[in-house]
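Remarks on the overall topology
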Amino acid sequence: MDFSQYRALEPDLGEGQAVGATLGDGSKQLEAVKRSLAGLVRSAIEDLGQALKAWRIWVLLGTNDIRQRYRRSTLGQFWITATITVTVVGLGIVYSAIFKQSIEQYLPYVAAGFVVWFLITGMITDGCATFLDSEGYAKQLTVPLSVYVLRTWYRALVTFAHNAIIIPAVLLVFLVPVGWAFLLVVPGICFVALNGFWMMLLLGTLCARFRDLPQIVSSFIQVLFFVTPVMFRSDQLPASGRAVMDLNPFAALLAVARDPILGRVPSALEYAIVTGMLLFGWTIALLVYGRYRTRITYWL
Amino acid sequence: MAYINLHRASVQFPIYNARSRSLKSTIARHAVGATIGSRPNKDVVVVNALNNITLTLQPGDRVGIIGHNGAGKTTLLRVLSGTYVPTSGNAEVIGVVSALTDLQMGMDPEASGHENIMMRAILLGMTYQQARALTPEVEQFSELGEYLDLPVRTYSTGMMLRLAFAVTTSIQPDILIMDELIAVGDISFIEKATQRIKTLIAKANIFVLASHDENTLKRFCNRAIWLNRGELAADGPLDTVVAAYNKASRQGVEEMGPLPATTPTQPAHSV
């Protein structure tokens, strides 16, 4: 495979002056800005397209990341499953008592919530390190850099698959009825995975340049955990709190993937929020990555 | 068809220290604007690793790159292989490139020799089928035999290098790029390895070698590029350029650049 030719091409604009140009008078300038922004998005998409074609490389690197972590342990990668089982059972028992809920209701809720939540936060935290961890490869291989984002993304999805094993087990143990709504899990997970990808692309690029960002992001995620209904239910909140919760996009992202597991159809508002996130996020991420993708190697 | 064309290519490394890398200082700078106490680029040291390089490499070119430590040789190799995109100017690299710089990239010490062969081959752009087809050849060349079933961490350094060398050199690239000539292993293996490298060089359309060793350059190259502090000091027939370089070095005309551009890698196993 030969990507060198491709990596060597600069996005078709001169050093982003056009991007930085003031939106002054005259539609000509505005036109120029629009054109160069489109150029950035196009170059980022081309990069991603080339990276997707190199699937063998990112599947290999991603698989190997997981294999390396659990090599020589008896359970192997099923330690992932074991860890989440302990977490969910422990929290389920304690918090069902605190919240005065029946464990039959609460434990499946927490299990589904954590499986999705770990996918979301895993993608965000690992996304920050995606280029930093791939420095050795980035300086040698001539594949487009988004290969390394795909590597991290793939790893997150494989980890998710191992976590998700507990879902059918929990549903069976507590005899949770499974209806047609369950099928909505598929689009729900797609929403999470695709939203996660733009976050990784954006954060990976920014974190390569600003080394404080990973720390900021990880404390942000901690706060996010407390304001997102993972452990509690939003209907336990007073009306004013619920209104705020409706505005938390991560609550919507969690809901579109989790609620179908428990037989609830997510609301139209929730779907609208995650779709908006998808469009807005991908645009920003492609612009930033398109602008800086040729600089990332120098920052590492 | 292999072809490399650099047009006024420059590489400027921004060296960010912790302060300028932090988001806080960037935000503060923009918030305060250009008023008292905000000297925008105070913390950013910019190293001009390459300056305005224009050159064309065509099939048949066997190019030696010479210059003092910190002259920009490694940076130029990375631009030629396509991993660095010049910060200004253009670089066009056409053809399958193989850069034999870090042989051990992506080696997993916990994985067996066989697994490492597969991994390495995939990283070099092969399909699974091609990678599997490669195994017997690597097995034979590396002479590792049953060791290939053991995890690589049980290997000696020499064995590990033999494995890496055998896999990496099993692909014939259009453009072959090397930072110092590599040769690994004990005496009998070195001979074999040198033979392999020679064939690889002979079959490559374009060969680029950064080296400090005049004899090696004379053996393999027909053209030389002399880099001095990131600038193209001379480009021409090997003998002429090397003679000029030696003369200049003796006279001490050259000085070190303001800062070494990259950490020069000189593998211990180079000849």
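Residues numbered from 1 in each chain as written. Chains lettered and ligands numbered in written order. Predicted model: local features only at pLDDT ≥ 70, side-chain atom pairs only at ≥ 80, totals over all residues.

Residues and elements named next belong to chain A. Looking at the element boundaries, A208 is found in helix α10 (residues 185-209). With 26 C-beta atoms packed within 10 Å, A208 lands in the buried category. The sequence separation of A208 and R295 amounts to 87 residues, and the corresponding C-alpha distance is 9.7 Å. If sequence neighbours within four positions are ignored, A208 has contacts with F131, L132, I296, W299 and L300. (Helix = DSSP H or I, 4+ residues; strand = E, 2+ residues; numbered from the N terminus. Buried ≥ 20, exposed ≤ 12 C-beta atoms within 10 Å, placed from the backbone. Contact = placed C-beta atoms within 7 Å.)

As a further point, take the interface of chain A and chain B. Across the contact, 26 residues belong to chain A and 31 residues belong to chain B. Contributing elements (two or more residues each) for the side of chain A that touches chain B: α1 (4-7), α4 (55-70), α7 (135-138) and α15 (296-299) of chain A. Among the elements that take part in the side of chain A that touches chain B, α4 of chain A stands out by supplying five residues, more than any other. Residue classes in the side of chain A that touches chain B are distributed as nine nonpolar, nine polar and eight charged. (Nonpolar A, V, L, I, M, F, W, Y, C, P; charged D, E, K, R; others polar.)

Moving on, we come to the domain arrangement of chain B. All names here are of chain B. Domain boundaries in chain B define domain 1 (3-22 + 42-96 + 209-251) and domain 2 (113-204). On the domain 2 side, the residues contacting the 12 residues of domain 1 number nine residues. Looking at the side of domain 1 that touches domain 2, the elements that each hand over two or more residues are α3 (73-81), β7 (206-210) and α8 (214-220). When residues in the side of domain 1 that touches domain 2 are grouped by element, the largest group, four residues, is from α3. Here the side of domain 1 that touches domain 2 is composed, by residue class, of seven nonpolar, five polar and no charged. (Domains from an automatic or database assignment.)

Take helix α5 (residues 79-98) of chain A next. All names here are of chain A. Its 20 residues give α5 an end-to-end C-alpha distance of 28 Å, which sits within 8% of 28 Å, the value for a rise of 1.5 Å per residue. Looking only at α5, the buried set comprises I80, I84, V88 and G92. Buried residues along α5 sit against α6 (103-128), α8 (146-164) and α9 (166-173). Remark: K100 follows α5 within two positions and exhibits a positive phi of approximately 55°. (Expected span 1.5 Å × (residues − 1).)

Our focus in this paragraph is the sheet that holds strand β5 (residues 97-100) of chain B. All names here are of chain B. If you walk across this open sheet you meet the six strands as β5-β6-β7-β3-β8-β9, and the pairing is mixed. Since the sheet does not close on itself, it has two edges, and those belong to β5 and β9 (231-237), each with one partner. Neighbour to neighbour, the strand axes of the sheet diverge by 15° on average, direction disregarded. Pairing analysis gives five bridges linking strand β6 (residues 175-179) to β7, with the strands arranged parallel. Within β7, the residue paired with I175 across the bridge is I206. (Pairing = 2+ DSSP bridges. Axes fitted to C-alpha atoms, helices over the stretch in contact; angles between N-to-C directions.)

Both trends apply: most residues other than glycine have a negative phi, and most peptide bonds are in trans. All names here are of chain B. Backbone geometry places R8, a non-glycine residue, at a positive phi of 45°. Looking at the element boundaries, R8 is found in strand β1 (residues 3-15). Residue R8 is classed as exposed on the basis of its C-beta count, with 12 C-beta atoms lying within 10 Å. Phi angles above zero are rare outside glycine, and N52 is one such case at about 50°.

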